[in-house]
Amino acid sequence: MNRKKRNIARISFLLGAALIFAFLRMALYDGLTVSSYTVKSSAVKESHTFAIITDLHSTYYGENQGELCEMIAEYSPEAVFLVGDISEDKRDFDGTAALLRQIASIYPCYYVTGNHERWVDYTDDIKALFREYGVVTVGSESIDLGDGLVLHGIDDPNFFGSYEEFFAALQKLETSDESLDILLSHRPEFAEKYAEMGFDLTLCGHAHGGQVRLPFIMGGLYAPHQGFFPKYAGGRYDFGDYTVIVSRGLMKDDLPRVFNPPELVIVTVTHE
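The rules behind the values
Residues numbered from 1 in each chain as written. Predicted model: local features only at pLDDT ≥ 70, side-chain atom pairs only at ≥ 80, totals over all residues. Heavy atoms only, no water. Helix = DSSP H or I, 4+ residues; strand = E, 2+ residues; numbered from the N terminus. Buried < 20%, exposed > 50% of the residue type's maximum accessible area, 1.4 Å probe, protein only. Contact = heavy atoms within 4.5 Å. Areas by Shrake-Rupley, 256 points an atom, 1.4 Å probe, with all protein chains shown as cover. Pairing = 2+ DSSP bridges. Axes fitted to C-alpha atoms, helices over the stretch in contact; angles between N-to-C directions. Polar contact = N/O pair within 3.5 Å; in protein donor to acceptor, adjacent residues only side chain to side chain. Salt bridge = Lys/Arg side-chain N within 4 Å of Asp/Glu carboxyl O. Patch = residues over 30% accessible without salt bridge, like charges linked within 9 Å, V, L, I, M, F, W, Y side chains within 5 Å. Disulfide = S-S within 2.5 Å. Right-handed = clockwise from strand over helix to strand, strands pointing away. Arc of directions from axis to C-beta.

(A) The arrangement of the overall build of the protein chain in detail. When helices and strands are tallied, the protein chain shows 6 helices and 14 strands. Taken along the three principal axes of its C-alpha coordinates, the protein chain extends 80 × 40 × 40 Å. Taking all 272 residues of the protein chain together, the buried fraction comes to 54%. In the protein chain, the proportion of contacts linking residues at least 24 apart, taken out of those at least 6 apart, comes to 70%. Per element, the accessible surface of the protein chain, about 13300 Å² overall, is 53% carbon and sulfur.

Below you can see the structure in the form of structure tokens.
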């Protein structure tokens, strides 16, 4: 092989290696990202912005959760919704406590449980931790937020004896055509049910984005309680006038997140 061919081969190898490196870097990027959504409703007169945090599992984002808190502050939300699996099922409360210390003194915070907060015998300790910092736990309750906004919450189905009991508790949360009814529910696999029950906007987590995502090809490889190729892994899903938003969550562990960086979700409700 002459020198010219050797140089071409060397350059081709370096370009190929650089492309592979860039592809892997993008695929495995796990820095904090933001996904923003706008929901329009005739029930409100003003605009309202909320930050949604799910599936933190006590993961740290900077010292004392500084990175996450700074990102929340950029959007000046009027409240933070904590939609399950914020804590961990191994008694690791440090990351959760660090976050609550930062945000609960600044924003009204509302919390519903996830499955990991039920798979333990110290669930009451977890809820007590949230209440200690002034967070409102919303389990099978409704709260009037003003300006036509009503917030509803439901504990994870594992807190009920059966799915029938879970749905019966949901039915007791009364919705109205005169208000924008927001539901906090950890589980996204019941997205269509939430819409059928009249919740205008449902906020979920749990699916972790399907763990592995391929842009324009696959929305998620696997999600708990949905299995392979989950229907509701992360993003916005509209059912006529009803919307379900599923956060990809914030957990980082030994499992790689492929084309699936952790996300803070920001939802703005505006007058239609």
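Text resumes after the structure shown.
(B) Quick peek at the sheet that holds strand β12 (residues 235-239). Strand order across the open sheet formed by 6 strands is β6-β7-β8-β9-β13-β12, with mixed pairing between neighbours. One side of each edge strand has no neighbouring strand; the edge strands of this open sheet are β6 (141-146) and β12. Averaged over all adjacent pairs, the angle separating strand axes in this sheet is 20°, with direction ignored. Relative to strand β13 (residues 242-246), β12 runs antiparallel, the two sharing 5 bridges.

(C) Region of the structure containing the environment of P224. Secondary-structure assignment places P224 in the loop between β10 (222-223) and β11 (227-228). Setting aside residues up to four positions removed in sequence, P224 forms contacts with H206 and A207.

(D) Inspection of the side chain of E189 at higher detail. With respect to the helices and strands, the residue E189 is situated in the loop between β8 (180-184) and α6 (191-196). Polar contacts involving the side chain of E189 include one to the side chain of R187, which spans 2.9 Å. Those residues within four positions of E189 in sequence are excluded, and the remaining contacts are H206, H225, Q226 and Y232.

(E) Structural context of the environment of N158. Residue position: N158 is located in the loop between β7 (149-153) and α5 (163-171). Under the relative-accessibility criterion, N158 is labelled partly exposed at 30%. A C-alpha to C-alpha distance of 24 Å links N158 and G235, two positions 77 residues apart in sequence.

(F) Broad picture of the pattern of salt bridges. Counted under the stated rule, the structure contains 6 salt bridges. What you see here is one network of salt bridges that share partners, running through D156, R187 and E189.

(G) Geometry of a nonpolar patch on the surface. Residues L214, F216 and I217 make up a contiguous nonpolar surface patch of about 420 Å² in total accessible area. Mapped onto the fold, F216 is located in the loop between β9 (201-204) and β10. Accessibility expressed as a relative area gives 90% for F216, which makes it exposed.

(H) Region of interest: the state of the cysteines. Overall, the coordinates contain 0 disulfides when judged by the stated rule. The cysteine C69 is free of any disulfide, with C109 supplying the nearest cysteine sulfur at 9.7 Å. Free of any disulfide, C204 has its nearest neighbouring cysteine sulfur in C109, separated by 19 Å.

(I) Region of interest: the pairing of strand β2 (residues 48-53). β2 sits mainly inside the fold: 6 of its 6 residues count as buried. Because side chains alternate across β2, one face comprises the buried residues H48, F50 and I52, and the other comprises T49, A51 and I53, equally buried. As judged from the 5 bridges shared by β2 and strand β14 (residues 263-271), these two strands associate in the antiparallel manner. Each bridged residue has a counterpart across the sheet, and for A51 the counterpart in β14 is I266. Of the strand pairs in this sheet, β2 and strand β3 (residues 79-83) are connected by 4 bridges, and their pairing is parallel. Looking at β3, one finds that F50 is bridged to A79. Crossover connection from β2 via helix α2 (residues 66-74) to parallel β3: handedness right-handed.

(J) Summary view of α2. When α2 is considered as a whole, its buried residues turn out to be L68, C69, M71 and I72. Projected onto a plane normal to the axis of α2, the buried residues spread over an arc of 160° and lie on a single side. Those residues of α2 that are exposed and angled more than 90 degrees off the buried face are E70 and E74. Phi turns positive, to about 45°, at S76, one or two residues after α2.

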